[in-house]
Amino acid sequence: SLKGKSAVITGSNSGIGLGVARELARASANVVLNSFTDRPEDHDLAKSIAQEFGVEARYIKADLSKGAEARGLIEQAGHCDILVNNAGIQHVAPIDEFPVEKWDTIIAIMLNSAFHTTAVALPMMRKAGWGRVVNIASAHGLTASPYKSAYVSAKHGVVGMTKVVALETAKEAITANAICPGYVHTPLVEAQIPDTAKKYNMTEEEAVEKIILDRQPSKQFATVEQIGGTAVFLCSEAAAQITGTTISVDGGWTAL
Ligand code: NAD
């Protein structure tokens, strides 16, 4: 059980981040949710997690494209035994047409923010004598696809930084690992299915199998609960000697 541990999950008002927060709360951790908005429904998500799992849950607004806000998130959380760097966005374009501003934002949200949050969280973990850094990378942290230069670069960067954090904390009760999901069933992916089917003149099932899950040999999406469960495992005693590595949850993508 993670009772008494405090977890901060970046980008957690939807999708994988929310799924990870829910699984950590199910394992009795207190959780801090985050995104860049500050709507009543964001705070309601935290309330409903607190109620459902009997833990403390808060929502803290921070725009992680800004380094100072990424640092401020961890400072405001006050405690951070478990840091899950999850926030991310995508943009698809050939390199020579890739908007410079998009490149900068993607690297800022997905790579720089993980540097900033980790830098502030590590002293807290050291003080507590225990810590877990779980970075949500991607199959694109280990392999590439055309037209995703910023995303693939940021995710490879996150995998590299994970290894450095692991080495700098190797003798302490702190681990750092990256989870590398393939395609995960999130509202974002769900929304792409009808359009993809229309574009290729296929049924939705065909579009999922042949186009969306083209590179995922299992031909099934991973679920946010499975990514959350992997994070909970990395926080367990069984995983205390797992550090500086990646765990793929990709239905065989990176085995190809
Ligand atoms: P999502 O869009 O549902 O979630 C992204 C989260 O990041 C949201 O909560 C969003 O509000 C937040 N976010 C975006 N910009 C932010 C900013 N500037 N500041 C703070 N928060 C911000 O998408 P998701 O699929 O759940 O993706 C979560 C992570 O998982 C990302 O890093 C993504 O690259 C990674 N991932 C997703 C998949 C997939 O198939 N869905 C596969 C591999 C990796």
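Bear in mind the structure is a predicted one, so any value in this text is a computation, not a measurement. (Residues numbered from 1 in each chain as written. Predicted model: local features only at pLDDT ≥ 70, side-chain atom pairs only at ≥ 80, totals over all residues.)

### A short note on the pairing of strand 5 (residues 131–136)
1) Next: The element strand 5 is extensively covered by neighbouring structure, given that 6 of its 6 residues are classed as buried.
2) Next: Residues Gly-131, Val-133 and Asn-135 line one face of strand 5 and the alternating positions Arg-132, Val-134 and Ile-136 line the opposite face, and both faces are buried.
3) Next: Inspection of the sheet shows strand 4 (residues 82–85) paired to strand 5 by 4 bridges, in the parallel sense. Along strand 5, the bridge assignment pairs Val-84 with Val-134.
4) Next: Taken together, strand 4, helix 4 (residues 100–128) and strand 5 constitute a β-α-β crossover, and its handedness is right-handed.
5) Next: For the crossover that starts at strand 5, traverses helix 5 (residues 149–168) and ends in the parallel strand 6 (residues 174–181), the hand is right-handed. (Buried ≥ 20, exposed ≤ 12 C-beta atoms within 10 Å, placed from the backbone. Helix = DSSP H or I, 4+ residues; strand = E, 2+ residues; numbered from the N terminus. Pairing = 2+ DSSP bridges. Right-handed = clockwise from strand over helix to strand, strands pointing away.)

### Comments concerning the sheet that holds strand 7 (residues 246–249)
1) Next: Here 7 strands make up an open sheet; going across it, the order is 3-2-1-4-5-6-7 and the pairing parallel. Each having just a single partner strand, strand 3 (57–61) and strand 7 make up the two edges of the open sheet. Here the average twist between neighbouring strands, direction ignored, is 20°.
2) Next: Across 6 bridges, the pairing between strand 5 and strand 6 is parallel. Along strand 6, the bridge assignment pairs Ile-136 with Ile-179.
3) Next: Its contacts with the sheet put helix 2 (residues 40–53) on strand 2 (30–35) and strand 3, and the angle it makes with strand 3 is roughly 160°. (Axes fitted to C-alpha atoms, helices over the stretch in contact; angles between N-to-C directions. Contact = placed C-beta atoms within 7 Å.)

### Details of the domain arrangement of the protein chain
1) Next: When the domains of the protein chain are assigned, the result is domain 1 (6–184 + 223–249) and domain 2 (185–221).
2) Next: Here the C-alpha centroids of domain 1 and domain 2 sit 26 Å apart.
3) Next: Between domain 1 and domain 2, the contact holds 8 residues from the first and 9 residues from the second.
4) Next: Looking at the side of domain 1 that touches domain 2 residue by residue, the class counts come to 4 nonpolar, 4 polar and no charged. (Domains from an automatic or database assignment. Nonpolar A, V, L, I, M, F, W, Y, C, P; charged D, E, K, R; others polar.)

### A word on the site of the ligand
1) Next: Residues in contact with the ligand amount to 26 residues; listed here are only the nearest, Gly-11, Gly-15, Ile-16, Ser-35 and Gly-88.
2) Next: Residue assignment for the shell around the ligand shows that the elements contributing at least two residues are helix 1 (15–26), helix 4 and helix 6 (187–200).
3) Next: Considering each element in turn, the shell around the ligand owes the most residues, 3 residues, to helix 1.
4) Next: Of the residues assigned to the shell around the ligand, the class counts are 13 nonpolar, 12 polar and 1 charged.
5) Next: Built from parts of two domains, the shell around the ligand gets at least three residues from each of domain 1 (6–184 + 223–249) and domain 2 (185–221). (Near = placed C-beta within 6 Å.)

### A closer look at the packing of helix 6 against helix 7 (residues 204–212)
1) Next: In the contact formed by helix 6 and helix 7, the axes pass within 9 Å of each other and the chain directions differ by 90°. Relative to helix 7, the element helix 6 is oriented roughly perpendicular. On helix 7, the residues touching Gln-192, Ile-193, Pro-194, Thr-196, Ala-197 and Tyr-200 of helix 6 are Glu-204, Ala-207, Val-208, Ile-211 and Ile-212. (Parallel < 35°, antiparallel > 145°, perpendicular 65-115°, else oblique.)

### Some details on the nonpolar core
One recurring pattern in soluble globular proteins is that nonpolar side chains are buried together.
1) Next: In this structure, Val-8, Leu-24, Val-31 and Val-84 are the most contacted members of the largest nonpolar core, which totals 69 residues.
2) Next: Sort the elements by how many residues they give to this core and helix 4 lands first, with 8 residues.
3) Next: Setting aside residues no more than four positions away along its own chain, Leu-24 makes contact with Leu-2, Ala-7, Ala-29, Val-31, Ile-82, Gly-228, Ala-231 and Val-232. (Core = buried A, V, L, I, M, F, W, Y, C linked by C-beta atoms within 7 Å.)

### Details of helix 4
Turn by turn, an α-helix covers 3.6 residues, leaving residues three or four places apart pointing in a common direction.
1) Next: Under the 1.5 Å per step criterion, the end-to-end length of helix 4 is 41 Å for 29 residues, consistent within 8% with the ideal 42 Å.
2) Next: Residue Ala-108 marks the point of greatest curvature in helix 4, where the axis turns by about 40°.
3) Next: Every buried residue of helix 4 is listed here: Ile-106, Ile-109, Met-110, Leu-111, Ser-113, Ala-114, His-116, Thr-117, Thr-118, Ala-121, Leu-122 and Met-125.
4) Next: The elements touched by buried residues of helix 4 are helix 3 (67–77), strand 4, strand 5, helix 5 and strand 6. (Expected span 1.5 Å × (residues − 1). Bend = angle between axes of the 7 residues up to and from the residue.)

### A word on the environment of Met-124
1) Next: Within the element layout of this structure, Met-124 appears in helix 4.
2) Next: According to the C-beta neighbour criterion, Met-124 is partly exposed, with 19 such atoms within 10 Å.
3) Next: Spatially, the C-alpha atom of Met-124 lies 6.5 Å from that of His-79, the residues being 45 residues apart in sequence.
4) Next: Setting aside anything within four residues of it in sequence, one finds Met-124 in contact with His-79 and Cys-80.

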